[in-house]
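Spelled out from the first residue to the last, the chains are:
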Amino acid sequence: MKKVRSLKDAARDPLAQGKVVRPSRDKPRFAVTGDDVFRLQEVTKSWPGENGFTLTVPELIIQRGEKVALVGFSGCGKSTLLDLLAMVLRPDEAGEFVLFTHKGEELNVMDAWQRRKLDSLAHARMLHIGYVLQTGGLFPFLSVRENIGISRRGLGLPLDETVEDIAHRLHIERHLNKLPGQLSVGERQRVAIARAMAHHPSVVIADEPTASLDPINAEEIMGLFTALTDEYGVTLIMATHDWGKLGERGFRRVEFAFKRDPDQGAVQAKVSG
Amino acid sequence: MNSFQTVIRLALRDYFYERLLSACAIMGLAAVLAPLLVLFGVKSGIINTMSDRLIQDPRNREISPVGSGRYGTDWFSAMRDRPDVAFVIPQTRSIAASMILYNKNSTNPRTLVVSLIPTAEGDPLLEIYGRISTKNTQVVLSEPVARKLNVKAGQRVLGQVGRSVAGVKEQVAVDLQITAVLPLGAFSREAAFVRLELLEATEDYRDGRGSKTFGWTGSARPTGPRVYPSFRLYARSIYDVADLRNMLMDQGLEVYTKAEDIETVKSLDRSFNLIFSLIAVVAVLGYFASMVSNVLANVNRKSRYLGISSLIGFSTGNIIWYPMLQSIATSILGFLTAVILYRLVETLINGLFSDYLSTGEYVCRLSVGHMLIALVLTLTLAVLASAYGAFRVSRIEPSEVIREV
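So, here is what we can say about the structure in this document. Being a predicted model, the structure only gives us computed values, none of them experimental.

1. Points about the overall build of chain A
(1) Moving on: When helices and strands are counted, chain A shows nine helices and ten strands.
(2) Moving on: Burial status across chain A gives 56% buried among its 273 residues.
(3) Moving on: The long-range fraction of contacts in chain A, counting pairs at least 24 apart against all pairs at least 6 apart in sequence, stands at 70%.

Right under this line is the structure:
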């Protein structure tokens, strides 16, 4: 992996924004798919009942290295879509739901759910997905170093300088031997970001990762985060409230159309973008 | 394998990180198990010793014939072969089974007429109280005899038998060594327990016959097997007495048993066993409930971490070991804590009552086998409880728990 200039500079560099950065290790392998990471067609997930909710994804194609922002009000189904993509939530139906990994494999996610190949889905999560929650989600009993390296351990990778390198880029290297409880909320989010990326997944999914931070901290962490995903060539899919600077950071917007069924009081959301 | 190892690592780190809570769970389990161990220690110690003594008490196991009959050697060997018969020995005619004992060593010589009772190796009455006479010239005295003759075990007395042949009074004597004196509780009448050979010789002498064994003169006894008028018989346990009695009555014998005493002891024994079984069932259920609540509390408390582990990509098959390992660790450590507490109490109890116990007797005692049973039971319950916990873990939906506050 090439070392870049200061990450802050990279985050501000207009040339690095607004385009998909493909690192050399990810050679296009899917001529037919145009090197997509996710292809979803006619995917639905609904919860029945009076306050029921239905999410429909007519079509969503996410390309390798892309930065996608899921934009919409609270409760519009952003987290649901993230959990579907992270393969922890089973879709009700899907015309197509495929993950293309950077190792050239094709995982038919819907098929795996239907055949209850839950272990394959779990393994795919560990290999190919990193997930940043809105707050924490760190193990309070593991040091920062162990938290960052948890997926690496699970995959049998060493907790080597990769962990230190990523901690350095997120400015948390001095906290490596502390427990999460000793860190500020902002520092914990940096640890969460480092954990999601330390095993070099294909996709990092983030659910409003800076929503609980003050604007200055949020701005800095978002800059570091996107610079890191750009540099690693990782596809970033992020739910966010912070609509203002998305274009500036090179995000593609995916909107949620939203309507309430007057009869049943149920909410229907439709993804477009 | 890496995944599994990592989950185990998580579980252990978490267990140590929450060591105060883990210690609480361990103590909670030990608090249930330790009194149980003490209870069963007392049951297997003093209660069992006491009920064994009652069940094994030879006085309750004795079956004695009423009146006299004719019992040949075949009858005795048939009885001896029965597994429910602990001991049987022929008894000679009661009118001839007596002897005058003479304490000649005393400054105040005393004589006493005593009944002779046949004994041999395996005699339950003598076995628990003292040594059995192994030689023809040895004797075990009942307490009233020893008191009246003023003799102790180890001393000697002279046994005298008299007869009248054609109007002429004759008398022979045998020097007897006292091997033991039975306590009053064992036998309250005036009697001496001797080998059957001495009894037979005494009977023969009174019939005008001689004995080569003791050098007594007289006519030779007629050939042919001996027939005895009576016997001493002991059942293997009090539970065998009723069957033996029925069998003997079927043979046309009238026998006497201590049926009432036996019924009291039996019902006492049954009540004890019932009470302890009930306590055991309730205690094991309580122990199991305490483990299940422990496991469920753990799974519920850890559901977010378990969901995050799942989100990171650990398989459910691996994640279930997270709470399972913790509850198994709690079970083992709880068991060890309970055993340590039990040992302390055991030492204390046995120390307090040491004055009332003879060597080899304990008020409170659990064998290694009992401990192993307790450990296996603990582990089985722990695995069962954890299996339910594991089922709950497999129901955790990461998307429902990872955003918990």
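More follows now that the structure is in view.
2. What to know about unusual backbone geometry
(1) Moving on: The backbone phi angle of Glu42 of chain A is positive, close to 50 degrees, even though this residue is not glycine.
(2) Moving on: Relative to the helices and strands, Glu42 of chain A is located in strand β1 (residues 36–47).

3. What to know about the side chain of Gln91 of chain B
(1) Moving on: Tracing the backbone through its elements, the reader meets Gln91 of chain B in strand β2 (residues 85–91).
(2) Moving on: If sequence neighbours within four positions are ignored, Gln91 of chain B has contacts with Leu116, Ile117, Pro118, Leu199, Tyr228, Pro229, Ser230 and Phe231 of chain B.

4. Things to note about the pattern of salt bridges
All names here are of chain B.
(1) Moving on: A full pass over the atoms with the stated rule returns 40 salt bridges over all chains.
(2) Moving on: Among the ionic pairs, Arg226 bridges to Asp204, the shortest N-O distance being 3.0 Å. Placement of the pair is Arg226 in the loop between α7 (196–206) and β9 (230–235) and Asp204 in helix α7, with a sequence separation of 22 residues.
(3) Moving on: Residue Arg226 is classed as buried on the basis of its relative accessible area of 13%.
(4) Moving on: In this structure Asp204 comes out as buried when scored by relative accessible area, which is 8%.
(5) Moving on: Linked through salt bridges whose partners overlap, the residues forming this network are Arg93, Glu200, Glu203, Asp204, Asp207, Arg209, Arg221 and Arg226.

5. Some remarks on the interface of chain A and chain B
(1) Moving on: With 28 residues of chain A at the interface, the matching set in chain B holds 25 residues.
(2) Moving on: Interface area for chain A against chain B, summed over the two sides, is near 2300 Å², with a carbon-plus-sulfur share of 62%.
(3) Moving on: Linking chain A with chain B are two salt bridges.
(4) Moving on: Where the side of chain A that touches chain B is concerned, the elements lending two or more residues are α2 (78–85), α4 (118–128) and α6 (150–154) of chain A.
(5) Moving on: Per-element accounting of the side of chain A that touches chain B gives the leading share, five residues, to α4 of chain A.
(6) Moving on: Residues belonging to the side of chain A that touches chain B are distributed by class as follows: 14 nonpolar, seven polar and seven charged.

6. Structural notes on the packing of helix α9 (residues 259–301) of chain B against helix α12 (residues 321–352) of chain B
All names here are of chain B.
(1) Moving on: Where α9 contacts α12, the two axes come as close as 10 Å, and the packing angle between them is 140 degrees. With respect to α12, the axis of α9 lies oblique. Note on packing geometry: the crossing formed by α9 with α12 is right-handed. Here α9 contributes Met291, Asn294, Val295, Asn298 and Val299 to the contact with α12, which in turn contributes Pro323, Gln326, Ser327, Thr330 and Ser331.
(2) Moving on: Here the residues of the contact of α9 with α12 are counted per class, giving four nonpolar, six polar and no charged.

7. Brief notes about the sheet that holds strand β1 (residues 62–65) of chain B
Residues and elements named next belong to chain B.
(1) Moving on: The four strands are arranged β2-β9-β1-β10 in an open sheet whose pairing can be described as antiparallel. A single partner strand is all that each edge strand has here, and the edge strands are β2 and β10 (255–256).
(2) Moving on: The pairing of β1 with β9 spans two bridges and is antiparallel. Each residue of the ladder has a partner; that of Ile63, found in β9, is Leu233.
(3) Moving on: Of the strands in this sheet, β2 and β9 touch helix α4 (residues 73–81), which is tilted by about 165 degrees from β2.

Rules used throughout
Residues numbered from 1 in each chain as written. Chains lettered and ligands numbered in written order. Predicted model: local features only at pLDDT ≥ 70, side-chain atom pairs only at ≥ 80, totals over all residues. Heavy atoms only, no water. Helix = DSSP H or I, 4+ residues; strand = E, 2+ residues; numbered from the N terminus. Buried < 20%, exposed > 50% of the residue type's maximum accessible area, 1.4 Å probe, protein only. Contact = heavy atoms within 4.5 Å. Salt bridge = Lys/Arg side-chain N within 4 Å of Asp/Glu carboxyl O. Buried area = accessible area lost by both parts, 1.4 Å probe. Nonpolar A, V, L, I, M, F, W, Y, C, P; charged D, E, K, R; others polar. Axes fitted to C-alpha atoms, helices over the stretch in contact; angles between N-to-C directions. Parallel < 35°, antiparallel > 145°, perpendicular 65-115°, else oblique. Left-handed = near helix turned anticlockwise from the far one by under 90°. Pairing = 2+ DSSP bridges.

Any link to function would need more than the numbers given here.
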